[in-house]
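Spelled out from the first residue to the last, the chains are:
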Amino acid sequence: MIDVILKKGKEKAVLHKHPWVFSGAIERVKGKPENGEIVKLLDAKGAFMAYGFYNDKSRVALRLLEWNEDVTIDEAWWRARVAGAVAARRFLLEPGVTDTCRLIFSESDYLPGLIVDKYADHLSLQILTSGMENIKPIIIDELQKLLNPASIFDRSDASSREHEGMAPSFGILAGNQPPELVAVVENGIKYHINIAEGQKSGFYCDQRDNRKIVAEYTKGKNVLDCFSYTGGFTLNAFSHGAKSVTSVDSSELAIETLKSNLALNGFAAVEHRSIKSDVNKQLRKFKEDNETFDLIILDPPKYAPSRSALDRAARAYKDLNRLAMLILEKGGLLATYSCSGAMDMTTFKQILAWAALDAGKEVQFIHQFCQPADHPVRASFPEGEYLKGLLCRVF
Ligand code: SAH
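Just so you know, these numbers come straight off a predicted model, no measurement behind them. (Residues numbered from 1 in each chain as written. Predicted model: local features only at pLDDT ≥ 70, side-chain atom pairs only at ≥ 80, totals over all residues. Heavy atoms only, no water.)

1. Concerning the state of the cysteines
In this structure the tally under the stated criterion is zero disulfides. The thiol of cysteine 205 is not disulfide-bonded; the next cysteine sulfur, from cysteine 101, is found 6.7 Å away. On the basis of relative accessible area, cysteine 205 is assigned to the buried category, the value being 2%. The thiol of cysteine 392 is unpaired, and the distance to the nearest cysteine sulfur, on cysteine 226, comes to 14 Å. (Disulfide = S-S within 2.5 Å. Buried < 20%, exposed > 50% of the residue type's maximum accessible area, 1.4 Å probe, protein only.)

2. Description of the pairing of strand S8 (residues 114-119)
Extensive coverage of S8 is indicated by the burial of six of its six residues. Of the two faces of S8, both are covered, the one formed by Leu114, Val116 and Lys118 as well as the one formed by Ile115, Asp117 and Tyr119. When strand S7 (residues 100-105) meets S8, the two strands line up antiparallel, connected through five bridges. Within S8, the position partnered with isoleucine 104 by the bridge is valine 116. Inspection of the sheet shows S8 paired to strand S9 (residues 122-127) by six bridges, in the antiparallel sense. Bridging across to S9, isoleucine 115 finds its partner in glutamine 126. (Helix = DSSP H or I, 4+ residues; strand = E, 2+ residues; numbered from the N terminus. Pairing = 2+ DSSP bridges.)

3. Thoughts on the sheet that holds strand S1 (residues 3-6)
Pairing in this open sheet of six strands is mixed, and the strands run S2-S6-S5-S4-S1-S3 from one edge to the other. Since the sheet does not close on itself, it has two edges, and those belong to strand S2 (20-22) and strand S3 (26-30), each with one partner. Adjacent strand axes in the sheet meet at a mean angle of 35°, parallel and antiparallel pairs treated alike. Summarising the sheet, strand S5 (residues 48-54) and strand S6 (residues 60-66) pair through four bridges and their orientation is antiparallel. (Axes fitted to C-alpha atoms, helices over the stretch in contact; angles between N-to-C directions.)

4. Digging into the pattern of salt bridges
In this structure the tally under the stated criterion is 23 salt bridges. With its nearest N and O atoms 2.5 Å apart, the salt bridge here joins arginine 273 to glutamate 291. Of this pair, arginine 273 sits in strand S16 (residues 272-276) while glutamate 291 sits in the loop between helix H7 (279-288) and strand S17 (293-298), placing them 18 residues apart in sequence. Of the residues examined, arginine 273 reaches a relative accessible area of 32% and is grouped as partly exposed. Given a relative accessible area of 24%, glutamate 291 falls into the partly exposed group. Counted as one network, the salt bridges with shared partners bring together Glu75, Arg79, Asp141, Glu142 and Lys145. (Salt bridge = Lys/Arg side-chain N within 4 Å of Asp/Glu carboxyl O.)

Written out as structure tokens, the structure is:
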């Protein structure tokens, strides 16, 4: 195994079990490892620190896997990690209630660059690191052994693979091609999911708990679901007796799927309106038309892909929230989210305070949202925390 020497003074994060070593922290590589090869990280004095995947194309040159020198990273080691992650999700799966969740969440499940989502009997897989690409056959085999899925579909078409010098990979890996629309259930609500063409890996199961919490406030309310995608919040609102729901999204495919999801659950189309539009434009239009709502959901895509983009993103979040506050009834509710990992809860609250000030409103935070149990945050890897939200009462 090839040795990689860490620069003196860079030991702390490794000792704290943080799984990333940036290329700038590496003193020397003794030899020429292949990208994705497992190497041994040593400190400047030559003492063992950890084993990890090497990749000289990535800013994260090493992704650490194991801190115990005596442990061998062999096939059984990988199988045990996959089995451990899958077993940890069993409690949230219940036939007829929820059959959909994230089974493996990359570094947070000690499997850097591997994401696996379960959609009823089908699995969707994403591999984002060259090291994990080498392990793919073992992962697929173990998933088949554990779950016997109808299909495993490769959605490794994310642009982030470029950072590791890898081409996209897409298509069926095991079993039969999944149907164009797979029927799943989450908290008793049915959805059609397009595994091959849907955004991300097909569905945003990270909002499962939050959709249910928000729904509890929707009875008899006129609800506006912004960035609705295929209707997660919309359907939950109807299931809890919302008076009307308006869903806004810029994607035609998302709106079409949302409509079929309404029918699938038997919710009346008369109380529903879908608008294919840019949310910022549409919020301005509602203001011009003097149209107001009792409860507004804002679940935008990631505005800050990195820390350097935070200032710009902060302005975008502020403006979006300000516009929503302007069309809320007095005492109405705003459920607002940020899935930008670079934005922490304290900053997000500050942005809402600024938005309220600009809108001439007062805001109470009445609930804080986070990501669910199938998207764990490892204490040694705070970067795994990305989803946060606030339920605000706006006066
Ligand atoms: N709330 C959804 C997930 C939202 S994902 C759920 O519960 O499943 C973000 C959505 O925002 C995507 O559907 C995307 O099509 C949409 N989107 C992105 N930018 C947009 C914009 N400027 N205006 C309207 N929709 C947008």
